[in-house]
Amino acid sequence: MSDSGADKLPNVHVRAEVLVQALPHMQRYDEEIVVIKYGGHAMGDRAAAEDFAEDIVLLEQSGLKPVVVHGGGPQIGRMLDRLGIKSEFREGLRVTDEATVEVVEMVLAGSINKQIVGWISAEGGKAIGLCGKDGNMVRARRAARTVVDPDSHIERHIDLGLVGEPEHVDRTVLDAVLKAELIPVLAPVAVGADNQTYNVNADTFAGAIAGAMRAKRLLLLTDVPGVLDKNKKLIPELSIEDCRRLIADGTITAGMIPKIETCIYALEQGVEAVVILDGKVPHAVLLELFTDYGAGTLIRRS
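In this text the structure is predicted, and so the values were computed from the model without any measurement. (Residues numbered from 1 in each chain as written. Predicted model: local features only at pLDDT ≥ 70, side-chain atom pairs only at ≥ 80, totals over all residues. Heavy atoms only, no water.)

Section: the nonpolar core
As a rule of thumb, nonpolar side chains are buried together in soluble globular proteins.
Alright, step 1. Of all hydrophobic cores here, the largest spans 44 residues; its most connected members are Val-35, Leu-186, Ile-209, Leu-218 and Ile-260.
Alright, step 2. Each of two domains, domain 1 (64–199) and domain 2 (214–301), supplies a minimum of three residues to this core.
Alright, step 3. Filtering out sequence-adjacent residues up to four positions away, Ile-209 remains in contact with Val-35, Val-67, Met-137, Val-138, Val-169, Leu-174 and Leu-186. (Core = buried A, V, L, I, M, F, W, Y, C linked by side-chain atoms within 4.5 Å. Buried < 20%, exposed > 50% of the residue type's maximum accessible area, 1.4 Å probe, protein only. Domains from an automatic or database assignment. Contact = heavy atoms within 4.5 Å.)

In C-alpha cells:
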C-alpha cells in the first residue's frame, strides 16, 4: 500500500464510523415527515444556504420526507426600501398594508422561494416551490394582537393590517407532492375567507403545517443556539410545562415567546418533538437528526 493510501485510511474509517452511528437515526425517521423552518440571516449566507440544501437532499435520499418553510424578513425590508414603501412596526411586528403585502408575496412566493428551490436542485434534489394559497393549502384569518400598558395595565388591540394566522390547513397538495417524492418548499403567504392575501409569520406557518401533517419533528432554524437560561447558557431539553414556567418567570422573553408558543401548538397537534436550533451552524439539520449530539433545544410534550 502506498504512503498516500495509508494516510487516507484513518479518514475513511472515521467516515465509516459516522455512517454506522447515523444508521439508527435514519431508521427512526424512515418515511417520517420532518418540517424545517428556514430563515434568519443564515439565508443570506451562500455557503450556509448550500449546506442547508445538501442537508435537505440527504434527508430525502435517506428515506425522510422533508417539508421546508422559509421566511424572508430582511429581504422584504430591502425590497420595500428599494421601492420607496415605508414599513411601519408596532410592538416589533411589521404592519402590512395593501402595498406591503404585494411586495411580501412577490419576495416570499417569488424570488426567495425559487432561490431555495434552485439551491436544492443544484445539490441533486427535486424541489417544488409553493405557498399557502396553492390548492387552498392554508387558509388564514386576520391576526389579533394585544399589548398591556405597563403603567395603566390596560390591554389594547394592535392593528397589524394584513398579517394573518393559520386557521385551517388542507394537506391534499402536500400529500400529493410527497407521494411524488418531491421536496415542498413553502412560502408563508395565505389567503383568507375574504379572498384577501395575508402575510403569515414563518414560524407560525411551519407549526401549522407540522401539526396538520403529524410531523415526526419540527425544526425551527434561528439566529441563536436555542433556548437560553438566565445565564445565557443553552437549555438542551424542555417540556411544555417547563416552557410555560420559563415564560412566566421571565427567562423566555421577546421574540422567543412566539416561537415557543408555536412549539407548544405543534406538540399539542401531535408533532412528536420540536427543536429550536442555530441555522448558522454548518449542517445543523444533520447534526440534530442523525447524531447523538443534537444542535439546539429539544421540546417535548412531557
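Some points on the UniProt feature "binding site: substrate" (unreviewed entry) in the chain
Alright, step 1. UniProt records the feature "binding site: substrate" (unreviewed entry) at Gly-72, Gly-73, Arg-94 and Asn-199, using the numbering of this structure. With the annotated positions falling across 128 residues, the maximum pairwise C-alpha distance of 12.5 Å places them together in a single cluster.
Alright, step 2. Note that Gly-72 resides in the loop between strand S2 (65–70) and helix H3 (73–83).
Alright, step 3. Once you skip the residues sitting within four places of it in the chain, Asn-199 turns out to touch Thr-96, Val-101, Val-104, Leu-108, Leu-162, Val-163, Gly-164 and Pro-188.
Alright, step 4. Polar side-chain contacts of Asn-199 include one of 3.5 Å to the side chain of Thr-96. (UniProt positions renumbered as here; feature names shortened; annotations may be inferred. Helix = DSSP H or I, 4+ residues; strand = E, 2+ residues; numbered from the N terminus. Polar contact = N/O pair within 3.5 Å; in protein donor to acceptor, adjacent residues only side chain to side chain.)

Details of unusual backbone geometry
Alright, step 1. Positive phi outside glycine occurs at Glu-181, with the angle close to 60°.
Alright, step 2. In this fold, Glu-181 is placed in the loop between helix H5 (172–179) and strand S10 (183–187).
Alright, step 3. One non-glycine residue, Ala-254, adopts positive backbone phi at about 50°.
Alright, step 4. On the basis of relative accessible area, Ala-254 is assigned to the exposed category, the value being 63%.

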